[in-house]
Amino acid sequence: MATRQEYLLLPANRAFIAFTLVVAFLLNLPPYGRMTWVPDFLALVLVFWNVHQPRKVGIGIAFLFGLLMDVHESALLGEHALAYSLLSYGAISLQRRVPWFGLLGRMLHVLPLFLIAQLATIVVRVAVGSGLPGWPYLLTSLTTTLLWPLAELLLLAPQRRAVERDENRPL
């Protein structure tokens, strides 16, 4: 029976949270064209911080970054803002439940959030007269979910530092 290593996490630094959100936004900026499998890095980081630090990153920040994505992609103003707000609301609703599951369970909890956010953008686009993008459009949700373990590893790393300084440990 394998035991999962548990950490007592230090509080997340607001500057680190802001840095990760800006980096995720910058990763979304390159023009990927019609590649439907490219993950939404900003959605991933927003969900992560809304699950782990819902008081520091909330729906308002998600809405703001959604507006920035709308301006960047020349999309209908509010399309990404709506999607990211729904995403953050769902993540905040699940924030007490998600950490209790194993890695696969956590991934299965966030996959529907990413799908709902993408479906919201599809509904908005169809409502204004655009056509349906087809099922490959939903691959973004799958690839974003597959990055969840990497996000947990990278974004929780600064919080796993030892509280007491030990001269024999490098960190």
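Quick caveat: nothing in here was measured; it's all calculated off a predicted structure. (Residues numbered from 1 in each chain as written. Predicted model: local features only at pLDDT ≥ 70, side-chain atom pairs only at ≥ 80, totals over all residues. Heavy atoms only, no water.)

Trainee: Requested: an account of the overall build of the protein, with residues and values cited.
Mentor: Counting its secondary structure elements, the protein contains 7 helices and 0 strands. When the helices and strands of the protein are listed from N to C terminus, the series reads α-α-α-α-α-α-α. Contacts in the protein between residues far apart in sequence, at least 24 positions, make up 67% of those at least 6 positions apart. Carbon and sulfur atoms make up 68% of the accessible area of the protein, which amounts to about 10,500 Å² in all. (Helix = DSSP H or I, 4+ residues; strand = E, 2+ residues; numbered from the N terminus. Contact = heavy atoms within 4.5 Å. Areas by Shrake-Rupley, 256 points an atom, 1.4 Å probe, with all protein chains shown as cover.)

Trainee: Residue-level account of the packing of aromatic side chains, with values.
Mentor: This structure, assessed with the given rule, holds 4 aromatic pairs. With 6.0 Å between their ring centres and 55 degrees between their planes, Phe-25 and Phe-65 make a pair best called tilted. Residue Phe-25 is found in helix H1 (residues 14–28), and its partner Phe-65 is found in helix H3 (residues 59–73); the two are separated by 40 residues along the sequence. We classify Phe-25 as buried; its relative accessible area is 15%. Pairing Phe-48 with Trp-148 gives two aromatic rings, centres 5.8 Å apart and planes at 55 degrees, and the pair type is tilted. Separated by 100 residues along the polypeptide, Phe-48 in helix H2 (residues 41–52) and Trp-148 in helix H7 (residues 148–156) bring together distant segments of the chain. An aromatic cluster of at least three residues, connected via ring pairs, comprises Phe-16, Phe-48, Trp-49 and Trp-148. (Phe/Tyr/Trp six-rings, centres within 6.5 Å; stacked < 30°, edge-to-face > 60°. Buried < 20%, exposed > 50% of the residue type's maximum accessible area, 1.4 Å probe, protein only.)

Trainee: Describe the packing of H2 against helix H5 (residues 103–127), naming the residues involved and giving the relevant values.
Mentor: Contact geometry for H2 and H5: axes closest at 11 Å, N-to-C directions at 130 degrees. Taken as axis vectors, H2 and H5 run oblique relative to one another. Read as a crossing pair, H2 and H5 show a hand that is right-handed. Here Ala-43, Leu-44 and Val-47 of H2 come into contact with H5, specifically with Val-110, Leu-113 and Phe-114. Partitioning the contact of H2 with H5 into residue classes produces 6 nonpolar, no polar and no charged. (Axes fitted to C-alpha atoms, helices over the stretch in contact; angles between N-to-C directions. Parallel < 35°, antiparallel > 145°, perpendicular 65-115°, else oblique. Left-handed = near helix turned anticlockwise from the far one by under 90°. Nonpolar A, V, L, I, M, F, W, Y, C, P; charged D, E, K, R; others polar.)

Trainee: Provide a residue-level description of the nonpolar core, including the pertinent values.
Mentor: Note on soluble globular proteins: their nonpolar side chains tend to be buried together. Among the nonpolar cores identified, the biggest contains 32 residues, and Leu-21, Leu-42, Val-47, Trp-49, Tyr-84 and Leu-87 are the most heavily contacted of them. At the level of elements, H1, H2, H3, helix H4 (79–93), H5 and H7 are the ones that each hand at least two residues to this core. Broken down by element, the residue count for this core peaks at 9 residues, all from H2. (Core = buried A, V, L, I, M, F, W, Y, C linked by side-chain atoms within 4.5 Å.)

Trainee: Any details on the pattern of salt bridges? Residues and values, ideally.
Mentor: All chains considered together, the criterion is met by 2 salt bridges. In this structure, the salt-bridge partner of Arg-125 is Glu-79, at a minimum N-O distance of 2.6 Å. Of this pair, Arg-125 sits in helix H5 while Glu-79 sits in helix H4, and the two are 46 residues apart along the sequence. Glu-79 gets classed as buried once you look at its relative accessible area, which sits at 3%. A salt bridge links Arg-106 to Glu-152; the nearest nitrogen and oxygen atoms lie 2.7 Å apart. (Salt bridge = Lys/Arg side-chain N within 4 Å of Asp/Glu carboxyl O.)

Trainee: Could you give an account of the side chain of Ser-85, with specific residues and numbers?
Mentor: Secondary-structure assignment places Ser-85 in helix H4. Note on Ser-85: relative accessible area 13%, which makes it buried. For Ser-85, the contacting residues outside a window of four places in its chain are Ile-59, Ala-62 and Phe-63.

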